[in-house]
Amino acid sequence: MSTSDGPPDPGGTPRVAALWVPDWPVLAAMTAEDVPAHTPAAVHDGRRVVAVSAVARAAGVRRGMRRRHAQECCPELVLLTADPGRDARGFEPVAAAAETVVSGIEIARPGLLLIPSRGAGRYHGSEQALAAELVGQVAMLAGYEAQVGIADGSGAAVLAARAARIVPHGATAAFLAPLGIGELVHVATQDVGDVVGLVDLLGRLGLRTLGDLARLPRSDVLARFGRLGGWAHQVAAGTDDRPTALRRLEPDIAVEQDLDPPVERLEATAFAARRLAEALHARMVAAGAACGRLQITARTDDGHELVRAWRTDAALGGLSVARMTDRVRWQLEGWLTGHAVRSAGPGGGDPEPAPLVRLGLRAEEVVAAGAEQGRLWGEAGGADLRAHRAVHRIQGLIGVEAVLSAAVQGGREVRDQVHLTPWGEDPPAVRPAGQPWPGHLPPPAPATVLAEPQLVQVCDVDGRKVEVDARLQVSGEPAVVWWPPQDGREREAAVTGWAGPWPVVQRWWTDGGSRQVYLQAVLAGGQAVLLALRDGVWRLEALYD
Amino acid sequence: MSSVAVAQARVAQARAVLARAEERTSTTRWVRPPTTTTLDPASAARVLPVARTLAGLLPSGALDRGSTVVVGGSTALVLALLAEASRSGSWIGLVGLPRVGVLAAHQLGLDLDRVVLVPAPGPDGPTVVAALLDGVDVVVVGEAALTDADRRRLSARARERGAVLLSTTFWPGAHVVLTVEASHWDGLGRGNGRLRDRRLTVRGGGRGSAAQGWRTEVTLSAGPAAHRVGAPAAQVRLLRSEGRRAG
């Protein structure tokens, strides 16, 4: 262990315990699909088997096998589809069980927990006691069999967990040295593909064990293999000093109040709102917490439950009593005056405005105060604050869905490229806008997009409808656009210039597929329009006004 | 120092050539579009900037805070007028414009992060517009259930809050009224090309200094060039000016 940086200081590497549930993806899948434990099972991702249960492994099924090959080895094998979301969800009970033993854990990936063990080990008496306690609680509360390993540094701890060993302080390098270089793959929590490539390369260079890698000078490894190589060297040398990223779970904080007599007048609700806001604020201050969402619940005396959640931007200065009172008052104003009332219960519908008998506030997504993420360029300025406040006020008046924010997303048609979401809602993933999207309509985009396309007729000089064939040949030059009679009047306009037809055929392999051609036309009078031919019918889609 | 003197001499020479050319073509009575660069910092706080090429549409060369502006006949012109203000950090509310092309707004240069859409304000139109005027810099009002009294009250509120109220329909007492009289598209043939540039003939009018009226021609182009920040999205050429001094 003679590195150019001098011998690593084992005292500087934190003691980490790793809790590993073997074959987690297949265990989670078996739990979700109710597959009995004695049945051989495996998870495959459509191409290859990615995880194998112990029973199936005994029957000869291995990771990386093709589906047919796996079934050859073990005909009664149950094949389950891979689902990372299910793995993560299913692991939550295990994490919760571990949290009954220690206060802070990091979920490195579903199936693997990292726990800083120095303090926890002292608390439980010894590291052996901590490991026994962890395994026992996970087995009892979550019902899974787990292995615990403790070593210096998280990388070594993961490998120790796979061997179910507690490596004494300072002996980590000796423990790691004989392990095969391929073990690095088990340590990686991200960039797994890159790590596989690195392991392959190191193997071909003659580095068969972690000890071989650790013996190389670190600076040389870093220079030759970059960041990933540096990480691998750290793990191999047992000096992986990455701190564990602990999560701290905070329960929601809620306050409620019965209103007796039922509140009908706005002024009276303001007092109730103020009292509740003060109570919630006091509890949040006592807990040293801030929240991401404020949920307001009200029950009317005819039994309707009204619920609405507000995002509380840290940029808005978090939640002060006055701000919470404002929110509640706006909300109640809307509910009591009957504007934009929505029922949260099943059946939906708009209940009649009614007196309120119960009011509740709940702080959700609670995090430790000071842990909120600021914006990259600092906090919002005064203008942004004013605008946010005004928007929230309007949402209280006419409903959350009536105020929209817009974003541009990828797409070919005019409507496809716009993504509208209620203001303040976290927008879901949109189609990437940076992609080329071949076939999209050329700029400029129309400034007016009709909500409902108008049915029109496009005729050539002879008055025949213009058709477009499969080879995108128009049957005649568009000469007239004719609107069907509306209020007893029909309207037509001559076409002075046109371009197209541009085909847009997309998603034909799904139910929502569409197949249409677009035509830009300038009408007499200078107005430009976007026409679409779909299923043999011409429609006016948008105006370039 | 000598290079400065040379540059100044060149500028003087260029001005002289321009003056001779103007004299020869008898265009000296034409008005050059006022440039926003002449605004001093104090007055810059009272206006929202407009793309330099569109500044000639407005009497002060920018959107005056607290004023009410009517732009009739072209949604694209409304969006183009707001682009520069949006880019420089102003918030924009669009009320009662369910059909506005958000993509066009983006292409004309609006920052959608600071655009609030209220497509259907419903019976609460006046309250919504008033609440927006409190918070955002420009409120564009389309079809909303407003009485004339509401409109006057909202104009007063805009003046008080220093916001710009921009309507696409008739608005009593508007300071500036821009009406698109004619529009002409370039780039479209018969079966070839695509819509590219657009020439708009805009008639201006209004109250106070704007009462005398003027007529201008503007070119709106939203080609790929319009995506570049700072690229001129429009160009203005004054055809005729009545009662306006050179800026």
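As the structure is a prediction and not an experimental result, all values here were calculated from the model. (Residues numbered from 1 in each chain as written. Chains lettered and ligands numbered in written order. Predicted model: local features only at pLDDT ≥ 70, side-chain atom pairs only at ≥ 80, totals over all residues.)

### Looking at the overall build of chain A
Link 1 in the chain: When its secondary structure is counted, chain A shows 15 helices and 19 strands.
Link 2 in the chain: Taken over 545 residues, chain A has a buried fraction of 37%. (Helix = DSSP H or I, 4+ residues; strand = E, 2+ residues; numbered from the N terminus. Buried ≥ 20, exposed ≤ 12 C-beta atoms within 10 Å, placed from the backbone.)

### A word on the overall build of chain B
Link 1 in the chain: The secondary structure content of chain B amounts to six helices and eleven strands.
Link 2 in the chain: Once local pairs closer than 6 in sequence are excluded, the contacts in chain B between residues at least 24 apart make up 62%. (Contact = placed C-beta atoms within 7 Å.)

### So, the interface of chain A and chain B
Link 1 in the chain: The partner chain B presents 47 residues to the 44 residues of chain A that form the contact.
Link 2 in the chain: Counting only elements with at least two residues in the side of chain A that touches chain B, the list comes to helix H15 (382-398), strand E12 (404-408), strand E13 (418-422), strand E14 (448-459), strand E16 (489-506), strand E17 (514-523) and strand E19 (537-544) of chain A.
Link 3 in the chain: No other element matches the ten residues that H15(A) contributes to the side of chain A that touches chain B.
Link 4 in the chain: Class assignment for the residues of the side of chain A that touches chain B results in 32 nonpolar, seven polar and five charged.
Link 5 in the chain: Both E12(A) and strand E5 (residues 115-118) of chain B contribute to a ladder of two bridges, which runs antiparallel. Across the sheet, Ser405(A) pairs through a bridge with Val116(B), a residue of E5(B). (Nonpolar A, V, L, I, M, F, W, Y, C, P; charged D, E, K, R; others polar. Pairing = 2+ DSSP bridges.)

### Section: the packing of helix H5 (residues 117-124) of chain A against helix H6 (residues 127-142) of chain A
Residues and elements named next belong to chain A.
Link 1 in the chain: Relative to each other, H5 and H6 sit at 90 degrees, their axes nearing to 7 Å. When the axes of H5 and H6 are compared, the pair comes out roughly perpendicular. From H5, Ser117, Ala120, Gly121 and His124 reach across to H6, where they touch Glu127, Ala129, Leu130 and Glu133. (Axes fitted to C-alpha atoms, helices over the stretch in contact; angles between N-to-C directions. Parallel < 35°, antiparallel > 145°, perpendicular 65-115°, else oblique.)

### Section: helix H5 (residues 125-135) of chain B
Link 1 in the chain: Most of H5(B) sits out of view: eight of its eleven residues are buried.
Link 2 in the chain: Residues of H5(B) that are buried include every one of Gly125(B), Val128(B), Val129(B), Ala130(B), Ala131(B), Leu132(B), Leu133(B) and Gly135(B), and no others.

### Let's talk about the nonpolar core
Link 1 in the chain: The biggest cluster of nonpolar side chains holds 108 residues, and the ones touching the most others in it are Leu79(B), Val95(B), Val138(B) and Val139(B).
Link 2 in the chain: If near-sequence neighbours (up to four positions away) are discounted, Val139(B) is found in contact with Gly93(B), Val95(B), Val129(B), Leu132(B), Leu133(B), Ala163(B), Leu165(B) and Leu166(B).
Link 3 in the chain: Of all hydrophobic cores here, the second largest spans 74 residues; its members include Val101(A), Leu114(A), Val138(A) and Val235(A). (Core = buried A, V, L, I, M, F, W, Y, C linked by C-beta atoms within 7 Å.)

### What to know about the confidence of the model for chain B
Residue and element names in this part refer to chain B.
Link 1 in the chain: Scored by pLDDT, chain B has a mean of 80; 80% of the residues are at 70 or more.
Link 2 in the chain: The weakest mean pLDDT in chain B belongs to strand E11 (residues 234-240) at 47; the strongest belongs to strand E6 (residues 138-141) at 94.
Link 3 in the chain: A low-confidence stretch, residues 33-39 stays under pLDDT 50, and its non-local contacts, those more than four residues away or across chains, total 18 contacts.
Link 4 in the chain: Taken together, the stretch residues 223-247 has pLDDT below 50 and engages in 64 contacts with residues farther than four places along the chain or on a different chain. (pLDDT = per-residue confidence, 0-100.)

### Here we look at the sheet that holds strand E2 (residues 41-44) of chain A
All names here are of chain A.
Link 1 in the chain: Here we have three strands laid out as an open sheet, ordered E3-E2-E4, and mixed in their pairing. Edge positions in the sheet fall to strand E3 (49-52) and strand E4 (78-81), since each has one partner strand and no second. The average undirected angle you get between the axes of adjacent strands in this sheet is 30 degrees.
Link 2 in the chain: Pairing of E2 with E4 involves four bridges; the strand directions are parallel. Residue pairing in the sheet places Val43 in a bridge with Leu80 of E4.
Link 3 in the chain: Against the sheet, helix H1 (residues 24-33) contacts E2, E3 and E4, and its axis sits at roughly 105 degrees relative to E2.

### Comments concerning the environment of Gly204(B)
Residue and element names in this part refer to chain B.
Link 1 in the chain: With respect to the helices and strands, Gly204 occurs in strand E9 (residues 197-206).
Link 2 in the chain: Along the chain, Gly204 and Glu181 lie 23 residues apart, while their C-alpha atoms are 10.0 Å from each other.
Link 3 in the chain: Among all residues touching Gly204, those that are not within four sequence positions of it are Leu57, Val176, Leu178, Ala210, Gly213, Trp214 and Thr216.

### Section: the pairing of strand E6 (residues 112-116) of chain A
Residue and element names in this part refer to chain A.
Link 1 in the chain: Burial runs high along E6: five of the five residues are buried.
Link 2 in the chain: The alternating pattern of E6 places Leu112, Leu114 and Pro116 on one face and Leu113 and Ile115 on the opposite face, and all of these are buried.
Link 3 in the chain: Across three bridges, strand E5 (residues 106-109) lies against E6 in antiparallel orientation. Bridge assignment links Arg109 to a residue of E6, and that residue is Leu112.
Link 4 in the chain: Between E5 and E6, which pair antiparallel and follow one another directly, the connecting turn spans two residues, one of which, Gly111, has a positive phi of 105 degrees.

### Quick look at the packing of helix H10 (residues 192-204) of chain A against helix H12 (residues 218-237) of chain A
Residues and elements named next belong to chain A.
Link 1 in the chain: Contact geometry for H10 and H12: axes closest at 11 Å, N-to-C directions at 80 degrees. Between H10 and H12, the interaxial angle falls into the category roughly perpendicular. Between H10 and H12, the residues in contact are Asp194, Val195 and Leu198 and Phe225, Leu228, Gly229 and Ala232, respectively.
Link 2 in the chain: Partitioned by chemical class, the residues of the contact of H10 with H12 number five nonpolar, one polar and one charged.

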